[in-house]
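Here is what each chain is made of, one letter per residue.
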Amino acid sequence: MSTENLPQSPEQPSRKPRVAVVFGGRSSEHGISVVTAGAVLKAIDRTKYDVLPIGITQDGRWALTADEPDRMAITERRTPNVDELAESHEGGVVLPVDPANREVVYSEPGSVPKALGEVDVVFPVLHGPYGEDGTLQGLLELSGVPYVGSGVLASAVGQDKEYMKRVFTSFGLKVGPYVVSRPREWEQDESAARKKIVDFAGEHGWPLFVKPARAGSSIGITKVDDLSGLDEAIVEAQRHDPKILVEAALRGREIECGVLEFEDGPRASVPAEIPPPDAHAYYDFEAKYIDSTPGLVPAPLTPEETAEVQRLAVDAFDAASCEGLVRADFFLTEDGEFVINEINTMPGFTPISMYPQMWQATGVSYPELVDRLIQAALRRSTGLR
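Looking at an unreviewed UniProt entry, the protein chain carries the name D-alanine--D-alanine ligase, with the source organism given as Streptomyces justiciae. Entered under Catalytic activity (unreviewed entry) in the UniProt record, the comment concerning the protein chain runs "2 D-alanine + ATP = D-alanyl-D-alanine + ADP + phosphate + H(+)".

Structure follows, in structure tokens:
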């Protein structure tokens, strides 16, 4: 039978890919995540993508938020939060758990749930636990929704500084001396747990850096110059994470390098150097985000040193099976050796953050950087890969 004379259905215009920018979260880095989201929302090309901002409050509620990036900035030395941006203090956003359905639903008590449309890709700009550590990535894998950044394993490894260092060591990357203190050690014998750290100081000397093992943005870190400051530093680190990491100080320059996934694989940016901040004991949260201590981009390195740190950054990206993006942090020691300190699978991503600055200096603008990350996520499938 000929279909020549039958009425033809009009062609449906192809819709733009829909990007859900998910931010905030339950970690102590909540405010910085909101600031990052504001920058990403400003940079996304609205002629190319539809955007759905979703904020996670500090108590874990997924909230529909206003698409108003200007309200997501640090003002008067204070970071913003999702509760200030939420359209309702009771409503919640629900992602699908059926891979065949990407429809996002919003509901409020006493109201009929409202469909918000399908989401094609999630751009999670969460920092720290409950977002950057593989937990959100696992949820998105179950939902079958592609997302920007590393998968479950790489995200978890990138968040836990102990296992990160173990992975790097197994791949031949050099790490500095460290010791881990677990909550069970303190529960079983507090004096023995403390002695373990004191003995480490006796072997490697002061100062030490006492850190939460699974936090970022330099939150909860204390530089300890002698025994008198140790107990307070331990309490501060445990306030953010019951597992703590203690590192020996390394003498040298702080060098960072960005890695970005291109169509042909990961490439490294020009590196940056973090000079010692004048008003701070080290490059802490205040120096990074409140006082915006400037880095040197590009870092004043020899061509050989630049090539070496770029190679090591990509090696670290591959060692942890990362995807999308990574910022790799190194020390260039006084004897000319690069020692990797850590990677960050969702680094600070405001325009003044080091990762975008390094790519800007490499020739990739902030909007192009955001676009490349979304495109890389859309190219990947969820599941085993």
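Sorry if this is basic, but what is going on with the side chain of Arg380 here?
You can see Arg380 is positioned in the segment after α12 (366–379). Owing to a relative accessible area of 12%, Arg380 belongs among the buried residues under this scheme. Within the structure, the side chain of Arg380 is placed 3.1 Å from the backbone oxygen of Gly149, a separation counted as a polar contact.

Just checking my understanding: could you explain the packing of aromatic side chains for this structure?
Centre-to-centre distance and the angle between the planes together describe a pair of aromatic rings. Counting across every chain of the model gives 5 aromatic pairs. Ring geometry for Phe262 and Trp359: centres 5.9 Å apart, planes at 50 degrees, overall tilted. In this pair, Phe262 sits in strand β12 (residues 252–262) while Trp359 sits in helix α11 (residues 354–362), placing the two residues 97 residues apart along the sequence. No difference in accessibility class separates Phe262 from Trp359, as the two residues are buried. Through a chain of ring-to-ring contacts, the aromatic side chains of Phe123, Phe349, Tyr355 and Tyr366 assemble into a single cluster. Positioned above the aromatic ring of Phe262, the side-chain terminus of Arg267 is 4.0 Å from the ring centre.

Got a minute to help me understand the nonpolar core in this structure?
Inside soluble globular proteins, nonpolar side chains tend to come together where they are buried. One finds Val21, Phe123 and Phe349 to be the most contacted residues of the largest nonpolar core, which totals 35 residues. With residues up to four places along the chain from it excluded, the contact list for Phe349 reads Thr36, Ala39, Val40, Phe123, Leu325, Tyr355, Pro356, Tyr366, Leu369, Val370 and Leu373. Val157, Leu301, Phe338 and Ile340 belong to the second largest nonpolar core, which has 29 residues in total.

Explanation requested: α11 in the structure shown.
For an α-helix the count is 3.6 residues per turn, leaving residues at separations of three or four pointing the same way. Every buried residue of α11 is listed here: Met354, Tyr355, Pro356, Met358 and Trp359. Considering only its buried residues, α11 is in contact with β12, β13 (265–268), β14 (272–274), β15 (325–333) and α12. Downstream of α11 by a residue or two, Gly363 has a phi angle that is positive, lying close to 110 degrees.

Help me understand the packing of helix α4 (residues 152–159) against helix α5 (residues 161–170) in this model?
Two measures define how a pair of helices packs: the angle their axes make with one another and the distance between the axes. Where α4 contacts α5, the axes come no closer than 5 Å and their chain directions differ by 110 degrees. By the angle between their axes, α4 is roughly perpendicular relative to α5. Here α4 contributes Val157, Gly158 and Gln159 to the contact with α5, which in turn contributes Lys161, Tyr163, Met164 and Val167.

Can you help me understand the sheet that holds strand β9 (residues 208–212) in this one?
Where strands meet in a sheet, backbone hydrogen bonds hold them as pairs that are either parallel or antiparallel. Pairing in this open sheet of 4 strands is antiparallel, and the strands run β8-β11-β9-β10 from one edge to the other. The open sheet has two free edges, formed respectively by β8 (178–181) and β10 (222–224), since each of these has just one partner strand. This sheet shows a mean twist of 25 degrees between the axes of neighbouring strands, independent of strand direction. As paired elements, β8 and strand β11 (residues 244–248) share 4 bridges and run antiparallel to each other. Within β11, the position partnered with Ser181 by the bridge is Ile244. Packing of helix α7 (residues 190–204) onto the sheet brings it into contact with β8, β9 and β11, and relative to β11 it is tilted by some 15 degrees.

The rules we used
Residues numbered from 1 in each chain as written. Predicted model: local features only at pLDDT ≥ 70, side-chain atom pairs only at ≥ 80, totals over all residues. Heavy atoms only, no water. UniProt positions renumbered as here; feature names shortened; annotations may be inferred. Helix = DSSP H or I, 4+ residues; strand = E, 2+ residues; numbered from the N terminus. Buried < 20%, exposed > 50% of the residue type's maximum accessible area, 1.4 Å probe, protein only. Polar contact = N/O pair within 3.5 Å; in protein donor to acceptor, adjacent residues only side chain to side chain. Phe/Tyr/Trp six-rings, centres within 6.5 Å; stacked < 30°, edge-to-face > 60°. Lys NZ or Arg CZ within 6 Å of the ring centre and 35° of its normal. Core = buried A, V, L, I, M, F, W, Y, C linked by side-chain atoms within 4.5 Å. Contact = heavy atoms within 4.5 Å. Axes fitted to C-alpha atoms, helices over the stretch in contact; angles between N-to-C directions. Parallel < 35°, antiparallel > 145°, perpendicular 65-115°, else oblique. Pairing = 2+ DSSP bridges.

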